[in-house]
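These are the residues of each chain, in order.
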Amino acid sequence: MFASIGRRLAGLLATLLASSFVIFAAVYAAPGDPAVFLAGGRDKLTPERLAAVREQYHLDEPLVVQYGRWLWDCLHLDLGRSFQYGDQVSDLLTSRFPTTLALVGYATVLFVVLGVGAGVLAAVRRGSWVDSAVVGTTTLTASVPSFVGGIALVAFFGVRLGWFPVTGSGEGFGGTLHHLTLPALAMALGAVAVISRVTRQAMVEAGSADHVEVARAAGLQERQIIRRHVLRNALGPVVTMCGLVTAGMLAGTVAIETVFGLSGIGSLLVGAVNSHDFPVAQAVLLLMVACYIAVTTLVDLVHPLLDPRLKAMRSPA
């Protein structure tokens, strides 16, 4: 078991290292010269001034050397200083990341509760009008982009009914919950469709197992059969998909934060790209990739604990 965890952690570090180089190279390969931006624009820009800026920020060094210097600083938790704000990048991330984390956490709770609940209901009532209604509704929600759903939620619940605020993240637990309800719901709509489909299919497959038929023949109540035998055996793929969707949400908050005016890392990334603030863009992308890899690795480690058959298959003979 420990050897398996070690291999996965080694793979995590290797993937993160490769991703960091791609992020660093891709940001510097983007259109625009960072030296020109740092020098204050092209107006009255002399070659001497441009050369001095390149030397000051080590932009005259080869790309590999720049990457090695940046990676060494990152390992020492020094993400550089923002070109646009002049603040430490780590301070910007510290102030913005809690909003994104709260948004993703709220959306995760919504799509897990609604998605798993709808999937279980559709599986239990398979072939009935309830099953058709769940499948039809989730298909409709999956076809609507998150930013379109966000705009619709703002127009109806925020502007017309006035139930929820349409901008800002609020203060305190209650205020944050109130402000993030609409953006979290907009993010969760598409995920509800995915989770409900996976839950329904896993429940149908688990319900056709031989031991479930034996339990029914023994006279156990259907509620106990579903809870103890069907749902328990269906948890593996459901939890895996929930983890993958959550990991994807960490990198997909840009549109929602823009629509609802939230000061998270998604909107910070948009501003950094538009202003050629390369240290901030690199740090945000690296944080998103690190979170995605960490969540997917955690799901991979937890999966065998939920499915003893998979654990037995992975154990050496």
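Below is a summary of the structure that appears in this document. Just so it is clear, the structure is predicted and the values come from calculations on it, not from any experiment.

On to the packing of helix α5 (residues 89–124) against helix α12 (residues 265–274), then. Axis separation between α5 and α12 bottoms out at 8 Å; the angle between their running directions is 130°. Considering the angle they form, α5 stands oblique to α12. Counted together, L92, L93, R96, F97 and T100 of α5 and I265, G266, S267 and L268 of α12 form the full contact between these two elements. In terms of residue class, the contact of α5 with α12 is built from five nonpolar, three polar and one charged.

All right, on to helix α4 (residues 63–75) then. For α4, which comprises 13 residues, the first-to-last C-alpha distance of 18 Å matches the rise-based estimate of 18 Å (1.5 Å per residue) to within 8%. In the stretch just after α4, L77 is the one whose phi turns positive, near 60°.

Attention now moves to a nonpolar patch on the surface. Judged by side-chain polarity, F21, V22 and L63 come together as a nonpolar surface patch covering roughly 250 Å² of accessible area. Of note, L63 is situated in helix α4.

Counting residues in each nonpolar core, the largest one holds 36 residues, and the members touching the most others are F111, M203, M249 and F260. Of all the secondary structure elements, the ones that give two or more residues to this core are α5, α7 (146–160), α8 (172–207), α10 (222–250) and α11 (254–260). If near-sequence neighbours (up to four positions away) are discounted, F111 is found in contact with V116, A188, A191, V192, I195, C242, V245, T246 and M249. If you look at the next biggest cluster of nonpolar residues, it comprises 19 residues, including I23, F24, V89 and I265.

Further remarks concern the packing of aromatic side chains. Scanning all chains against the criterion turns up four aromatic pairs. Taken together, a centroid distance of 5.3 Å and an interplanar angle of 35° make the contact between F24 and W70 tilted. Placement of F24 in helix α1 (residues 2–28) and of W70 in helix α4 is noted, with a sequence separation of 46 residues between them. By the burial criterion, F24 is buried, and W70 matches it. Summarising the aromatic geometry, the rings of Y67 and W70 are spaced 6.2 Å apart at their centres and angled 40° between planes, so their arrangement reads as tilted. One end of the pair is Y67 and the other is W70, both in helix α4 and three residues apart, which spans about a single turn. For the pair Y67 and W70, one class covers both residues: buried. Ring-pair connections join several aromatic residues into one group, and the members of that group are F21, F24, Y67 and W70.

Each value, and the rule that gives it
Residues numbered from 1 in each chain as written. Predicted model: local features only at pLDDT ≥ 70, side-chain atom pairs only at ≥ 80, totals over all residues. Heavy atoms only, no water. Axes fitted to C-alpha atoms, helices over the stretch in contact; angles between N-to-C directions. Helix = DSSP H or I, 4+ residues; strand = E, 2+ residues; numbered from the N terminus. Parallel < 35°, antiparallel > 145°, perpendicular 65-115°, else oblique. Contact = heavy atoms within 4.5 Å. Nonpolar A, V, L, I, M, F, W, Y, C, P; charged D, E, K, R; others polar. Expected span 1.5 Å × (residues − 1). Patch = residues over 30% accessible without salt bridge, like charges linked within 9 Å, V, L, I, M, F, W, Y side chains within 5 Å. Areas by Shrake-Rupley, 256 points an atom, 1.4 Å probe, with all protein chains shown as cover. Salt bridge = Lys/Arg side-chain N within 4 Å of Asp/Glu carboxyl O. Core = buried A, V, L, I, M, F, W, Y, C linked by side-chain atoms within 4.5 Å. Buried < 20%, exposed > 50% of the residue type's maximum accessible area, 1.4 Å probe, protein only. Phe/Tyr/Trp six-rings, centres within 6.5 Å; stacked < 30°, edge-to-face > 60°.

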